[in-house]
Amino acid sequence: MKKIETDSGIEIKKVYTPEDLPKDIGEEMPGRFPFTRGVQPDMYRGKLWTMRQYSGFSTAEESNRRYHYLISQGVSGLSVAFDLPTQIGYDSDHSLSEGEVGKAGVAIDSIEDMEALFDGIKLNEVSTSMTINSTAFILLALYVAIAKKQGADLSQLQGTVQNDILKEYAARGTYIYPPKPSMRIITDIFEWCSKELPKWNTISISGYHIREAGSTAVQEIAFTLSNGKAYVKAALDKGLDINIFGRRLSFFFNSHNNLFQEVAKFRAARRMWAMIMKDLGATDEKAMMLRFHTQTGGSTLTAQQPLNNISRVTLQTLAAVLGGTQSLHTNGYDEALNLPTEEAAGIALRTQQIVAYESGVADTADPLAGSYFVENLTGEVEKEAWKIIGTIDAIGGSVNAIDEGFMQNEISQSAYVYQQKIERKEKIIVGVNSFISDNEIAPPSFKVDDSIRTVQINKLKALKEKRDNAKVTDCLENIKEHAIKNKNLMPVVIEAVENLCTLGEIADTLRQVFGEYK
């Protein structure tokens, strides 16, 4: 008989019976430790997940128009994509920015760009997620500066900065500084936000990019939770209270096509994180809750027969919702070809709304609880993930595991094995290695023109001509001094952006102090 396994190597039996259920199956309830069944007792009956659409491209003005469109269509939270130069701390006029300005996201060089990005959007009325890591502290400073100009109450601002640098070293690559100063900047954000932005999620510990790089589902949660432990320990070493900063930790996971494996993954991750936080000293149950955002799997989308991706995204949406996500972004069907068109983004949002309002899956908490298969698979995923975390702990934690290349090698090997299965047709991808069509029709494409860089360069020239450059110099020197003396960077970075210092100038100032990671 053919052996069937998940991509994590967990064997799937032909049939599951009550004997496959955990012995304590009836004791766990939604909203109670260890939160396997969800972090809220009534889940979506009380409040639906936040429906986000990840968007950002070209100039701030162009992205702003897309945000207003998405808000008009019913999104309940914005999710901002930044271009590559912004992510790695270069202004648009830097030589290394050529060819990348406005391409993978929106170009943000200064407070003027940030103001244009959120023009007409009241920040105290919207939840904003920003996918930004090595320059997260600068983008957060810009966001806070705009909120202050709007007269918003900072204590009521809601949103998230991804701010997860460890997965950049392991999987994604948009790092600037070495691990130690990068971790210091992250804990500066923890510390400052705990006092000034108490409702802000200070980190979104990301498994999404680990999965996109080729990991299995089990590796995704094992590496992510291990990274989470490293951030908590760094915050504890700084003297922060785990019961305070622990409440503002959030996670970011991927959702792929294997519906039951993904649901089991989300349920196992919640249970594991509750145990980890308890072991690290948390006593407040809210600090033990794993709250997470989900994005459907970008790497699962195919350039061939792209309309099939609507079905894939629907499956992935169901997995995220059945798994108890707090926030969800659905990909456009055309994203294997280009940035999503407005039509594709609209369909992606409608997919969430149909699942929310028409499918019935949001009517009760953890509707798959008690399934012989799902409960058994949840336990198997957890067991295999603990094995990997044990290996990482033996190496000395996530930072050491990344320094030694352990995570990178494991991800690469998993990606290689998966691709081999596709090429041998052991893994069927509809439209790619099976059910191929010769008469495909390409959907409309959406491209960003290279002239955007000229627009941004002209903005920067005008900005530098009108600002008080002596004040700029003072602000940058103040940042350097705080970095050297290990003082919290957030107040001086906010002051710098308010005085028209650019993102690249601030990042370069810290390059002088911290160096760059190679």
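Since we're looking at a predicted model, the values are computed, not measured.

Student: Even after reading the chapter, I still don't get the overall build of the protein chain, so can you show me in this structure?
Tutor: Broken down by element type, the protein chain carries 19 helices and nine strands. Computed over C-alpha atoms, the radius of gyration of the protein chain comes to 23 Å, within 12% of the 24 Å expected from 2.2 N^0.38 for 518 residues, which places it in the range of a compact globule. Each of the three principal axes of the protein chain carries a C-alpha extent, and together these read 75 × 60 × 45 Å. Taken across its 518 residues, the protein chain has 57% of its residues classed as buried. Put simply, 78% of the contacts in the protein chain that link residues at least 6 apart link residues at least 24 apart.

Student: Please clarify how the pairing of strand 1 (residues 50-55) should be interpreted in this entry.
Tutor: Burial analysis of strand 1 places five of its six residues in the buried class, which makes it a mostly covered element. Bridge count for strand 1 against strand 9 (residues 327-329) is three bridges, and the pairing is parallel. When the sheet's bridge partners are listed, Thr50 is paired in strand 9 with Ser327. With helix 1 (residues 60-73) bridging strand 1 and its parallel neighbour strand 2 (residues 77-81), the resulting β-α-β unit is right-handed.

Student: What am I meant to see in the packing of aromatic side chains here?
Tutor: Within a pair of aromatic rings, the relevant descriptors are the distance that separates the centres and the angle that separates the planes. Summed over all chains, the structure comprises 19 aromatic pairs. Both rings, one in Tyr67 and one in Phe118, keep their centres 6.5 Å apart while their planes meet at 25 degrees; by these two values the pair is stacked. Of this pair, Tyr67 sits in helix 1 while Phe118 is found in the loop between helix 3 (111-117) and strand 3 (127-131), placing the two residues 51 residues apart along the sequence. We classify Tyr67 as buried; its relative accessible area is 0%. Geometrically, the ring pair formed by Phe251 and Trp273 is edge-to-face, given 4.8 Å between the ring centres and 70 degrees between the ring planes. Of this pair, Phe251 sits in strand 7 (residues 249-255) while Trp273 is found in helix 10 (residues 259-279), placing the two residues 22 residues apart along the sequence. Just as Phe251 is buried, Trp273 falls in that class too. Taken together through their ring pairs, the aromatic side chains of Phe251, Phe253, Phe266, Trp273 and Phe292 make up a single cluster.

Student: Just checking my understanding: could you explain the sheet that holds strand 1 for this structure?
Tutor: Either a parallel or an antiparallel arrangement is found when strands of a sheet pair, and the pairing is made through backbone hydrogen bonds. Across the sheet, nine strands lie side by side as 5-4-3-2-1-9-8-7-6; this open sheet has parallel pairing. Edge positions in the sheet fall to strand 5 (200-201) and strand 6 (203-206), since each of these pairs with one other strand and no more. Sheet topology places strand 6 next to strand 7; four bridges connect them, and they run parallel. Across the sheet, the residue bridging to Ser204 is Ser250, located in strand 7. This element, helix 8 (residues 217-237), spans strand 6 and strand 7 of the sheet and lies at about 165 degrees to strand 7.

Student: Quick question: what am I supposed to make of the pairing of strand 2 here?
Tutor: Residues in a regular strand project their side chains so that they alternate between the two faces of the sheet. Across the five residues that make up strand 2, a large majority, five, are buried. Going residue by residue along strand 2, you find Gly77, Ser79 and Ala81 tucked away on one face and Leu78 and Val80 tucked away on the opposite face as well. Looking at chain direction, strand 2 and strand 3 are connected through five bridges and run parallel. Residue pairing across strands places Val80 opposite Met130, the latter belonging to strand 3.

Student: How do you make sense of the environment of Glu100 when you look at a structure like this?
Tutor: Considering the arrangement of structural elements, one finds Glu100 in the loop between helix 2 (84-87) and helix 3. For Glu100, a relative accessible area of 31% puts it in the partly exposed group. Apart from residues no more than four positions distant in its own chain, Glu100 is found in contact with Asp83, Leu84 and Pro85.

Student: Honestly, the nonpolar core in this entry has me stumped. Any pointers?
Tutor: Side chains of nonpolar character tend, in soluble globular proteins, to be buried together. In terms of nonpolar packing, the biggest core is built from 140 residues, with Met114, Met130, Phe137 and Ile506 touching the most fellow members. When residues in this core are grouped by element, the largest group, twelve residues, is from helix 4 (residues 136-150). Not counting the four nearest positions on each side in its chain, Met114 is found in contact with Ile108, Met130, Leu139, Leu142, Tyr143 and Ile146. Counting residues in each nonpolar core, the second largest holds five residues, with Phe57, Val101, Ala107 and Val448 among its members.

Student: Which parts of the structure should I look at to understand helix 1?
Tutor: Structurally, the α-helix is built with 3.6 residues per turn, so residues lying three or four positions apart point the same way. Taking 1.5 Å of rise per residue, the 14 residues of helix 1 would be expected to cover 20 Å, and the 20 Å separating its terminal C-alpha atoms lies within 8% of that figure. For helix 1, every residue scored as buried is listed here: Ala60, Ser63, Asn64, Arg66, Tyr67 and Leu70. End-on, the buried residues of helix 1 take up no more than an arc of 160 degrees, which puts them together on one face. Contacts from the buried residues of helix 1 go to strand 1, strand 2, helix 3 and helix 12 (342-358). Just beyond helix 1, the residue with positive phi is Gly74, at close to 110 degrees.

Student: How should the packing of helix 10 against helix 13 (residues 372-395) be read in this particular structure?
Tutor: Axes are the key here: two packed helices are described by the angle between their axes and the distance separating the axes. Relative to each other, helix 10 and helix 13 sit at 55 degrees, their axes nearing to 8 Å. Here helix 13 runs oblique to helix 10, going by the angle between their axes. Read as a crossing pair, helix 10 and helix 13 show a hand that is right-handed. Contacts between helix 10 and helix 13 involve Phe260, Gln261, Val263, Ala264, Lys265, Arg267, Ala268, Arg271, Met272, Met275 and Ile276 from the former and Phe373, Val374, Glu375, Leu377, Thr378, Gly379, Val381, Glu382, Ala385, Trp386 and Ile389 from the latter. For the contact of helix 10 with helix 13, a count of residues per class yields 14 nonpolar, three polar and five charged.

Student: In this structure, what is going on with helix 11 (residues 308-322)? I would like to understand it.
Tutor: If you check helix 11, its first and last C-alpha atoms are 22 Å apart, about what 15 residues at 1.5 Å a residue would give, namely 21 Å. Among all positions in helix 11, only Asn309, Arg312, Val313, Gln316, Thr317, Ala319, Ala320, Val321 and Leu322 are buried. Tucked inside the fold, the buried residues of helix 11 contact strand 7, helix 10, strand 8 (292-296), strand 9 and helix 12. Just downstream of helix 11 lies Gly324, where phi reads positive at about 90 degrees.

Student: How do you make sense of the packing of helix 17 (residues 469-484) against helix 18 (residues 490-498) when you look at a structure like this?
Tutor: For the pair helix 17 and helix 18, interaxial distance at closest approach is 9 Å and the crossing angle is 165 degrees. The angle between helix 17 and helix 18 places the two elements in the roughly antiparallel class. Read as a crossing pair, helix 17 and helix 18 show a hand that is left-handed. Contacts from Lys471, Cys475, Asn478, Ile479 and His482 in helix 17 reach Val492, Val493, Glu495 and Ala496 in helix 18. When grouped by side-chain class, the residues that make up the contact of helix 17 with helix 18 number five nonpolar, two polar and two charged.

What counts and how
- Residues numbered from 1 in each chain as written.
- Predicted model: local features only at pLDDT ≥ 70, side-chain atom pairs only at ≥ 80, totals over all residues.
- Heavy atoms only, no water.
- Helix = DSSP H or I, 4+ residues; strand = E, 2+ residues; numbered from the N terminus.
- Rg over C-alpha atoms; globule rule 2.2 N^0.38 Å.
- Buried < 20%, exposed > 50% of the residue type's maximum accessible area, 1.4 Å probe, protein only.
- Contact = heavy atoms within 4.5 Å.
- Pairing = 2+ DSSP bridges.
- Right-handed = clockwise from strand over helix to strand, strands pointing away.
- Phe/Tyr/Trp six-rings, centres within 6.5 Å; stacked < 30°, edge-to-face > 60°.
- Axes fitted to C-alpha atoms, helices over the stretch in contact; angles between N-to-C directions.
- Core = buried A, V, L, I, M, F, W, Y, C linked by side-chain atoms within 4.5 Å.
- Expected span 1.5 Å × (residues − 1).
- Arc of directions from axis to C-beta.
- Parallel < 35°, antiparallel > 145°, perpendicular 65-115°, else oblique.
- Left-handed = near helix turned anticlockwise from the far one by under 90°.
- Nonpolar A, V, L, I, M, F, W, Y, C, P; charged D, E, K, R; others polar.

That is the geometry; function is a separate question.
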